[in-house]
Amino acid sequence: MTTYIDPSPVNFQAFKDLLRDQPIHMLNLLQFRESAEYPEGHEHHGNGWSGKRAYQEYGKTSGPIFQRVGGEIVWRGAFQTMVTGPDAKQWHEGFVAQYPNSGAFFEMIKDPEYQLAVVNRTAALVDSRLMRFEPGEAGGGFG
């Protein structure tokens, strides 16, 4: 089974090549490890945290940076069942993060404090997806 935690160079370049001066939505799908996997020597290594608890630490440590760059969560949900898609793929949580533009996202991920915080995300997740969308109109029907 192939899993994804960080973007590939090709996918990240495609992200960087898109327009940078418009609001963006980032769909995040998360599958937590049963037990967090911190690197040897990290302050949280061997603390017995679950993946979900490690992700909460990521949220606590990265949240102020996310808010400082203008990010906000516009939707969050807990996975219940796969309706269309592979039965074997079960996400634990999902959310949509909104940024004023991709520059705000880049500012966040380049922040030295964020780079320290992201180890919690890596320790927490067995698999994830991160997809960029251009925000559209909400409400009404499907079309």
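Above: the structure in question.
Residues numbered from 1 in each chain as written. Predicted model: local features only at pLDDT ≥ 70, side-chain atom pairs only at ≥ 80, totals over all residues. Heavy atoms only, no water.

A. Local environment of the side chain of K89. Within the element layout of this structure, K89 appears in the loop between β2 (72-78) and β3 (93-99). By relative accessible area, which is 11% here, K89 ends up buried. Looking at K89, its side chain comes within polar contact range of the side chain of Q31, at 3.4 Å. Residue contacts for K89: discarding those within four places in its chain leaves Q31, F79, M82, D127 and R129. (Helix = DSSP H or I, 4+ residues; strand = E, 2+ residues; numbered from the N terminus. Buried < 20%, exposed > 50% of the residue type's maximum accessible area, 1.4 Å probe, protein only. Polar contact = N/O pair within 3.5 Å; in protein donor to acceptor, adjacent residues only side chain to side chain. Contact = heavy atoms within 4.5 Å.)

B. The arrangement of the packing of aromatic side chains in detail. Counted by the stated rule, this structure contains 11 aromatic pairs. Taken together, a centroid distance of 6.0 Å and an interplanar angle of 10 degrees make the contact between F12 and F15 stacked. Within this pair, F12 and its partner F15 are both found in helix α1 (residues 9-17), separated by three residues, close to a single helical turn. On the basis of relative accessible area, F12 is assigned to the partly exposed category, the value being 23%. Judged by centre distance (5.4 Å) and plane angle (80 degrees), the rings of F66 and Y99 are edge-to-face. Residue F66 is located in helix α2 (residues 51-68), and its partner Y99 is located in strand β3; the two are separated by 33 residues in the primary sequence. (Phe/Tyr/Trp six-rings, centres within 6.5 Å; stacked < 30°, edge-to-face > 60°.)

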